[in-house]
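Coordinate analysis (summary)
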Amino acid sequence: MKKLRKPKKLGLVLVGLTLVVSVFLLVILIDSWGGITQPLPFNHKIHTDNGLACEDCHPNFMEYASSGRPELEICASCHEEALTESEEEKRLMEYIQDGNEIDWVRLYRIPEDVYFSHRRHVAVGNVECAVCHGDIVESTRPPSKVRKISMEKCMDCHEDQEANNDCIACHR
Amino acid sequence: MRKWGMVIDLDRCTGCQACVVACKAENNVVFSDPTQEETHRAISWMSVLTVLEGEYPDVKESYIPRPCMHCENPPCVKVCPVGATYKNPEGIVAQVYTRCIGCRYCTNNCPYTLKYFNYYRPRWSNEMKNLLNPDVSKRQVGVVEKCSFCHHRLQKAKEDARFEKRELREEDYVPACVQTCPTGALIFGDLQNPKSEVHRLSKISRAFRLLEELGTEPQVFYLTEGEWHG
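Reading the values: the criteria
- Residues numbered from 1 in each chain as written.
- Chains lettered and ligands numbered in written order.
- Predicted model: local features only at pLDDT ≥ 70, side-chain atom pairs only at ≥ 80, totals over all residues.
- Helix = DSSP H or I, 4+ residues; strand = E, 2+ residues; numbered from the N terminus.
- Rg over C-alpha atoms; globule rule 2.2 N^0.38 Å.
- Buried ≥ 20, exposed ≤ 12 C-beta atoms within 10 Å, placed from the backbone.
- Contact = placed C-beta atoms within 7 Å.
- Pairing = 2+ DSSP bridges.
- Nonpolar A, V, L, I, M, F, W, Y, C, P; charged D, E, K, R; others polar.

With that settled, the discussion passes to the overall build of chain B. A count of helices and strands for chain B gives eight helices and ten strands. A compact globule built from 230 residues would reach a C-alpha radius of gyration of about 17 Å, and chain B, at 18 Å, matches this within 12%. Counting over 230 residues, chain B shows a buried share of 34%. In chain B, the proportion of contacts linking residues at least 24 apart, taken out of those at least 6 apart, comes to 60%.

Let's shift gears to the overall build of chain A. Within chain A, the secondary structure is distributed over nine helices and zero strands. Of the regular secondary structure in chain A, the N- to C-terminal order runs α-α-α-α-α-α-α-α-α. For chain A, the C-alpha radius of gyration of 24 Å lies well beyond 16 Å, the compact-globule estimate for 172 residues. Reported as C-alpha extents along the three principal axes, the dimensions of chain A are approximately 80 × 50 × 25 Å. For chain A, with 172 residues in total, the buried portion stands at 7%. Partitioning the contacts of chain A with sequence separation of at least 6, the portion at a separation of at least 24 is 68%.

Across a sheet, strands are paired by hydrogen bonds formed along the backbone, either parallel or antiparallel in direction. All names here are of chain B. Strand order in this open sheet of four strands is β8-β1-β10-β9, and the pairing throughout is mixed. With partners counted over all chains shown, the strands left at the sheet margins are β8 (186–190) and β9 (207–208), one partner each. Of the pairings in the sheet, the one linking strand β1 (residues 4–9) to β8 comprises five bridges and is antiparallel in character. Considered in β8, the bridge of Val7 is made with Ile187.

Glancing now at helix α8 (residues 151–160) of chain A. Each full turn of the α-helix corresponds to 3.6 residues, which orients residues three or four apart in the same direction. The element α8(A) is barely covered by neighbouring structure, given that only zero of its ten residues are classed as buried. Looking one or two residues beyond α8(A), the residue adopting positive phi is A:Glu162, at roughly 55°.

Before going further, it helps to spend a moment on the interface of chain B and chain A. Counting residues at the interface gives 15 residues for chain B and 14 residues for chain A. A per-element tally of the side of chain B that touches chain A places helix α6 (residues 151–163) of chain B first, with six residues. Grouping the amino acids of the side of chain B that touches chain A by side-chain chemistry returns six nonpolar, six polar and three charged.

A few words now on the environment of A:Lys45. Checked against the element boundaries, A:Lys45 lands in helix α2 (residues 44–49). Taking C-alpha positions, A:Lys45 is 4.8 Å from A:Glu138, a pair spaced 93 residues apart along the chain.

Attention now goes to the pairing of strand β10 (residues 220–223) of chain B. Residue and element names in this part refer to chain B. Every second residue of β10 is oriented toward a common face, with Val220 and Tyr222 on one face and Phe221 and Leu223 on the other, all of them buried. Summarising the sheet, β1 and β10 pair through four bridges and their orientation is parallel. Looking at β10, one finds that Met6 is bridged to Val220. Examined bridge by bridge, β9 and β10 share two bridges and lie antiparallel to one another. In the sheet register, Ala207 faces β10, and the bridge partner there is Leu223.

Looking now at the environment of A:Arg106. Residue and element names in this part refer to chain A. Relative to the elements of secondary structure, Arg106 occurs in the loop between α5 (87–98) and α6 (118–124). Of the residues examined, Arg106 has 11 C-beta atoms within 10 Å and is grouped as exposed. With 46 residues separating them along the chain, Arg106 and Glu152 place their C-alpha atoms 22 Å apart.

Take unusual backbone geometry next. Residues and elements named next belong to chain B. With an omega of 0°, the peptide bond between Tyr56 and Pro57 qualifies as cis. The topology assignment puts Pro57 in the loop between β2 (47–53) and β3 (60–66). With a phi angle near 50°, Thr113 is a residue other than glycine that sits in the positive phi range. With respect to the helices, strands and loops of the structure, Thr113 is situated in the loop between α4 (105–109) and β6 (116–117).

Residues and elements named next belong to chain B. Those residues of helix α1 (residues 18–26) that fall on the buried side of the exposure criterion are Ala18, Cys19, Val20, Cys23 and Glu26. Where α1 is buried, its residues meet β2, β3, α7 (176–180) and β8. Residue Asn28 follows α1 closely and has a positive phi angle near 50°.

Turning to the pairing of β2(B), a few remarks are in order. Residues and elements named next belong to chain B. Where burial is concerned, little of β2 is hidden: zero out of the seven residues are buried. Pairing analysis gives seven bridges linking β2 to β3, with the strands arranged antiparallel. When the sheet's bridge partners are listed, Glu53 is paired in β3 with Lys60.

Dropping the structure here:
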């Protein structure tokens, strides 16, 4: 009897183990979903250390809803000639020589039903960039994932700042 | 706090439907086909009803433009089980589309039948796709929608005023239908402000409201000479 039972138990353990491993792999797969690869591994820190401010590359946030991703012209205004010998800059120089816009991938995605205005927050509400964008100025490599901002975070901040927390103030 | 409201002078309305078109374009309201119209499933946040009096050739035609009444005591809000529709502090009856579960209690409870259910998946022609207003969402199938008094325009007007470090002026905020009306039959403003035109007009003897006896207290007032026979 004992001899007959053994393979059954082993089978169960194996099935269990396979399940655990597959769930683990699935979680990793789902987590890496929506991963972002930027066309160039932009280093925020090196640029801010050299005295660049946010608005030098993202020029619209004081006036428009969208802050804007930097156009090639902005890069080219400093990188007329290669400033370093880094591989990344070589690739940038290729973009500039070919005149091809760099297709930067958006990091923050706002749901379709939400209206968000940078001007309203930055120019009118005097919110610092870091409140939502964290320590991105300190990053040496671009984040690999879409950053999510929860409604809870928005509402908490609105409450603290005594801003409008009416639903239709944000949900259009 | 302001209380936004509208006055519609029926004696000035020529039934041109400009307000209807302006509203559709401003608020990404889907186009309806004749079948939808026949089955009362067409969506039109602003609709102009035609009232005919008399027999041909002695016919008198009158028109009545109907946006959401933004009732002070809105029956639609009372029945919403999920809080998707509510009265906001400035008097606008708001609809949060992502919160709406499409139960249609509100559409049934609106005595003015001015709430619209999306029976169909919204479809846009290629020409229209590039002309949609980015400040207003595209509603999905299965949710209720309604006139918002072009609330997004109020948001923009407030933002502009704060950016320019000044108070919001009443004329900064005008819904699309009011802006487009060629005869000036639609007037919009703050009903709370004793100096405003809408406040004054809402108190004159020509003013009345639709289905006043229900106690919904609409914030849309109508003006006409004599009795309204609609």
